[in-house]
Amino acid sequence: MTGPLLAPAALSYCGQRMTAYRHMWRSSLVSTVVEPALFLAAMGLTLGVLVDRGTGLPGGVSYLAFLAPGLLAATAMQNAGFESTYPVLGAIKWDKTYEAVLATPARSIDVLTGHLLYVLFRVTTSVVLFVLVMILFGAAQSPLLLLAVPAAVLTGMAFAAPITAFAARQDNDTGFAALQRFLILPMFLFSGTFFPVSQLPTVLEWVAYATPLWHGVSLARGLALGTIGPGAAVLHVGYLALWVGAGVWLAARSFRRRLVT
């Protein structure tokens, strides 16, 4: 069956998820705002003071201003990853939510689109809230920081789509622990969020360049600080968009195989 990607069924399912979120948004503030704020305070306001007093960073940029846009992109990755793992597996295997949706005229692509729209909403709200935290911490040295918002959202969706494809193929949550331990956490630590990847050994530096998070961090940081050129910006956006497109294609195949009998 063919039809527009943003079919009414997809929008309806996204609306249902957003309505349900109204009853749990307070509990999500811990992972959305509190944890990133603690990272920003611990690294930017304590370690950052030592970095600034020492050799400092190139261009005279404070460590807090360097860290904040990177942490913004990394936070988008983490929130997108969470919303694309257990909620997907639960809706397929435990709660049977997708099965109930498919009892209507909705298609598997409608379910996927509705899910990704909801993740887009969650990532966008988390990014906006974290930007407000950055402003409170004094990390917003320029209005250009607002340009980092769409960059961080794109970064989150570059993870949401392929992780959704992965989650839709799982029979239990064992794979999620491996995903967090061997992919998400190493990228969080070593893809330029806390220090330039040029400080890594050469092999690991090139591995970092291949990760979508490095491109997201570099794009968000470059836009926020006004240091990125048009060519580099296009490269980062194109690479992240490639991950989104490939992830959506894989997720559509995974949903169709898992949900359509």
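Caption draft 1: Representation of the overall build of the protein chain in the model. Check the secondary structure of the protein chain and you find eleven helices and zero strands. The secondary structure elements of the protein chain, listed N-terminal to C-terminal, are α-α-α-α-α-α-α-α-α-α-α. Here the C-alpha atoms of the protein chain give a radius of gyration of 19 Å, agreeing with the 18 Å that 2.2 N^0.38 yields for 261 residues. Looking at the protein chain as a whole, 46% of its 261 residues qualify as buried. Contacts in the protein chain between residues at least 24 apart in sequence constitute 79% of all its contacts with a sequence separation of at least 6. About 12,800 Å² of surface is accessible on the protein chain, with carbon and sulfur atoms providing 70% of the total. Computing the positive centroid from 15 side-chain charges and the negative centroid from 9, the protein chain places the two 4 Å apart.

Caption draft 2: Inspection of the packing of aromatic side chains at higher detail. One pass over the structure, following the stated rule, counts 14 aromatic pairs. Arranged with centres 5.9 Å apart and planes meeting at 85°, the rings of Tyr-21 and Phe-121 form a pair that is edge-to-face. A residue pair is termed long-range when its members are at least 10 positions apart, and Tyr-21 in helix α1 (residues 8-21) and Phe-121 in helix α6 (residues 108-136) qualify at 100 residues. A relative accessible area of 13% places Tyr-21 in the buried class. Ring centres of Tyr-209 and Trp-214 lie 4.7 Å apart, and the angle between their planes is 70°; this geometry places the pair in the edge-to-face category. When its relative accessible area of 18% is taken as the criterion, Trp-214 is described as buried. Aromatic ring contacts, followed pair by pair, group Tyr-13, Tyr-98 and Phe-255 into a single cluster.

Caption draft 3: Local environment of the pattern of salt bridges. Under the defined criterion, the tally for this structure stands at four salt bridges. Between Arg-122 and Glu-83 there is a salt bridge, and its shortest N-O distance comes to 3.1 Å. Here Arg-122, found in helix α6, pairs with Glu-83, found in helix α3 (residues 63-83); they are 39 residues apart in sequence, far enough to count as distant. Residue Arg-107 pairs with Asp-110 through a salt bridge whose shortest N-O separation is 2.8 Å. Relative accessible area serves as the criterion here: at 12%, Arg-107 is assigned to the buried category. Linked through salt bridges whose partners overlap, the residues forming this network are Arg-17, Glu-83 and Arg-122.

Caption draft 4: Representation of helix α11 (residues 230-259). For α11, with 30 residues, the first-to-last C-alpha span of 42 Å sits near the 44 Å given by 1.5 Å per residue. When we look at burial in α11, the residues that qualify are Ala-233, His-236, Leu-240, Gly-247, Ala-251, Ala-252, Ser-254, Phe-255 and Leu-259.

Caption draft 5: Just the packing of α1 against α6, in detail. Put simply, α1 and α6 touch, their axes get as near as 7 Å, and they point 40° apart. With respect to each other, α1 and α6 are oriented oblique. Note that α1 runs across α6; the crossing there is right-handed. Listed contacts from α6 to Ala-9, Ala-10, Leu-11, Tyr-13, Cys-14, Arg-17, Met-18 and Tyr-21 of α1 are Asp-110, Val-111, Thr-113, Gly-114, His-115, Leu-117, Tyr-118, Phe-121 and Arg-122. The residue makeup of the contact of α1 with α6, split by class, is eleven nonpolar, three polar and three charged.

Caption draft 6: Summary view of the side chain of Glu-205. On the secondary structure map, Glu-205 appears in helix α9 (residues 202-210). It turns out Glu-205 is buried and unbridged, and the closest side chain with the opposite charge, Arg-221, is 12 Å from it. What Glu-205 contacts, discounting residues up to four positions off in sequence, is Val-197, Ser-198 and Leu-200.

Caption draft 7: The arrangement of the environment of Leu-235 in detail. Tracing the backbone through its elements, the reader meets Leu-235 in helix α11. Assessed through its relative accessible area of 52%, Leu-235 is described here as exposed. Separated by 170 residues in the primary sequence, Leu-235 and Ala-65 place their C-alpha atoms 23 Å from one another.

Caption draft 8: The arrangement of the environment of Phe-188 in detail. Its location among the elements puts Phe-188 in helix α8 (residues 174-190). Taking the C-alpha atoms as reference points, Phe-188 and Thr-75, 113 residues apart in sequence, are found 8.8 Å from one another. With residues near it in sequence (within four places) discarded, Phe-188 still touches Phe-39, Leu-71, Ala-74, Met-77, Gln-78, Thr-193, Phe-194 and Leu-213.

Caption draft 9: Molecular detail of unusual backbone geometry. Although it is not a glycine, Lys-96 adopts a positive phi angle of roughly 60°. Relative to the assigned elements, Lys-96 resides in the loop between α4 (86-94) and α5 (97-102). When its relative accessible area of 39% is taken as the criterion, Lys-96 is described as partly exposed.

How each quantity is defined
Residues numbered from 1 in each chain as written. Predicted model: local features only at pLDDT ≥ 70, side-chain atom pairs only at ≥ 80, totals over all residues. Heavy atoms only, no water. Helix = DSSP H or I, 4+ residues; strand = E, 2+ residues; numbered from the N terminus. Rg over C-alpha atoms; globule rule 2.2 N^0.38 Å. Buried < 20%, exposed > 50% of the residue type's maximum accessible area, 1.4 Å probe, protein only. Contact = heavy atoms within 4.5 Å. Areas by Shrake-Rupley, 256 points an atom, 1.4 Å probe, with all protein chains shown as cover. Lys, Arg positive; Asp, Glu negative; His and termini not counted. Charge placed at Lys NZ, Arg CZ, Asp CG, Glu CD. Phe/Tyr/Trp six-rings, centres within 6.5 Å; stacked < 30°, edge-to-face > 60°. Salt bridge = Lys/Arg side-chain N within 4 Å of Asp/Glu carboxyl O. Expected span 1.5 Å × (residues − 1). Axes fitted to C-alpha atoms, helices over the stretch in contact; angles between N-to-C directions. Parallel < 35°, antiparallel > 145°, perpendicular 65-115°, else oblique. Left-handed = near helix turned anticlockwise from the far one by under 90°. Nonpolar A, V, L, I, M, F, W, Y, C, P; charged D, E, K, R; others polar.

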